[in-house]
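The lines below spell out each chain.
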Amino acid sequence: MSTPIENLTPEQVNAALDAGEILLVDVREPHEFAAERIAGAVNYPLSTLDPANLPSEAGKTVVLSCAGGVRSVTAANACQAAGIDIHHHLAGGLRAWVMAGLPTER
């Protein structure tokens, strides 16, 4: 049975990034990631997603993000279908992050 997807707010993700508790994996396409991204995020596009090769860091929870929160949920569901317990995502994606007034890199 899969774990429900947990919606994290931009503020929760920002605090967890600052604390070094999470690895933020952005599942947007490389051109989107290059145009604007959250500092510290790593890019692993949904179009080439292989849950077995998803980036990870010892001791950190993987949190998925995208532009608006749809692709990150799709990626989390794909991971769970492959038996990998990834169930956190940035609700509303990069748009919510920007709307919360949080900084991005270009």
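Throughout this document, residue positions are counted from 1 along each chain, in the order its sequence is written. Residues qualify for local features only when their pLDDT is at least 70, as the model is predicted, and side-chain atom pairs are given and counted only at 80 or more; totals for whole chains, interfaces and linings, by contrast, use all residues. Only hydrogens and water are removed before side-chain values are computed, so all heavy atoms of the structure are retained for them.

1. Here's the deal with the overall build of the protein
Here comes step 1: By definition, any uninterrupted DSSP run of H or I lasting at least four residues is a helix, any uninterrupted run of E lasting at least two residues is a strand, and each is numbered from the N terminus. Within the protein one finds four helices and five strands.
Here comes step 2: For the protein, the sequential pattern of α-helices and β-strands runs β-α-β-α-β-β-α-β-α.
Here comes step 3: Across its three principal axes, the protein shows a C-alpha extent of roughly 35 × 30 × 25 Å.
Here comes step 4: Looking at the protein as a whole, 41% of its 106 residues qualify as buried.
Here comes step 5: When the accessible surface of the protein is split by element, carbon and sulfur atoms take 54% of a total near 5400 Å².
Here comes step 6: Of the charged side chains in the protein, 6 are positive and 12 negative, and the gap between their average positions amounts to 8 Å. Each residue gets one of three labels from its accessible area relative to the maximum for its type: buried under 20%, exposed over 50%, partly exposed in between, using a 1.4 Å probe on protein chains only. Here the open area of atoms and residues is found with the Shrake-Rupley method and a 1.4 Å probe, where only the protein chains shown may cover a residue. Residues counted as positive are Lys and Arg, residues counted as negative are Asp and Glu, and His and the chain ends are not counted. Where a charge sits is defined by one atom per residue type, namely NZ (Lys), CZ (Arg), CG (Asp) or CD (Glu).

2. Brief notes about the pattern of salt bridges
Here comes step 1: By definition here, a salt bridge exists when the distance from a side-chain nitrogen of Lys or Arg to a carboxyl oxygen of Asp or Glu is within 4 Å. Enumeration over the complete set of coordinates arrives at five salt bridges.
Here comes step 2: Across the salt bridge formed by R28 and D26, the nearest N and O atoms sit 2.8 Å from each other. The exposure classification of R28 matches that of D26, with both residues buried.
Here comes step 3: A salt bridge links R37 to E105, with the nearest nitrogen and oxygen atoms 3.5 Å apart. With R37 in the loop between α2 (30–35) and β3 (42–43) and E105 in the segment after α4 (93–99), this pair connects stretches of sequence that are 68 residues apart.

3. Structural notes on the packing of aromatic side chains
Here comes step 1: Only centres within 6.5 Å qualify two rings of Phe, Tyr or Trp (six-membered ring in Trp) as a pair; their planes then separate them into stacked at under 30 degrees, edge-to-face at over 60, and tilted for everything else. Under the definition given, this model contains zero aromatic pairs.
Here comes step 2: When the NZ atom of lysine or the CZ atom of arginine is within 6 Å of a ring's centre and also within 35 degrees of its normal, the charge is said to sit over that ring. Across the ring face of F33, the terminal group of R37 is positioned such that the distance to the ring centre comes to 5.6 Å.

4. With respect to the side chain of R28
Here comes step 1: Assignment of secondary structure puts R28 in the loop between β2 (22–26) and α2.
Here comes step 2: Using a relative accessible area of 4% as the deciding quantity, one classes R28 as buried.
Here comes step 3: Think of a polar contact as two N or O atoms within 3.5 Å of one another; within protein, one of them needs to be a possible hydrogen donor and the other a possible acceptor, and neighboring residues in sequence only count if both atoms come from side chains. A polar atom in the side chain of R28 sits 2.6 Å from the backbone oxygen of E36.
Here comes step 4: Any two residues having at least one pair of non-hydrogen atoms within 4.5 Å are treated as being in contact. Setting aside residues up to four positions removed in sequence, R28 forms contacts with F33, E36, R37, N43, P45, S65, C66, A67, R71 and L94.

5. So, the nonpolar core
Here comes step 1: Note on terminology: a nonpolar core comprises buried Ala, Val, Leu, Ile, Met, Phe, Trp, Tyr and Cys residues joined through side-chain atoms within 4.5 Å. Judged by nonpolar contacts, the single largest core of 14 residues is most densely connected at V13, L17, I22, L24, I38, V63 and W97.
Here comes step 2: Those elements giving two or more residues to this core turn out to be α1 (10–18), β2 and α4.
Here comes step 3: The element best represented in this core is α1, accounting for three residues.
Here comes step 4: Aside from chain neighbours lying at most four places away, what touches V13 is L8, I22, L24, V63, L90 and W97.
Here comes step 5: One finds V27, L54, V62 and A76 within the second-largest nonpolar core, a separate group that totals 13 residues.

6. Some remarks on the pairing of β2
Here comes step 1: The element β2 is largely enclosed, with a buried count of five among its five residues.
Here comes step 2: Residues I22, L24 and D26 line one face of β2 and the alternating positions L23 and V25 line the opposite face, and both faces are buried.
Here comes step 3: Note on pairing: two strands pair once DSSP finds at least 2 bridges between them. The pairing of β2 with strand β4 (residues 61–65) spans five bridges and is classified as parallel. Paired with D26 across the two strands is S65, which belongs to β4.
Here comes step 4: Judged from the two bridges that link them, β2 and β3 form a sheet pairing that is parallel. For V25, the partnering residue across the bridge sits in β3 and is V42.

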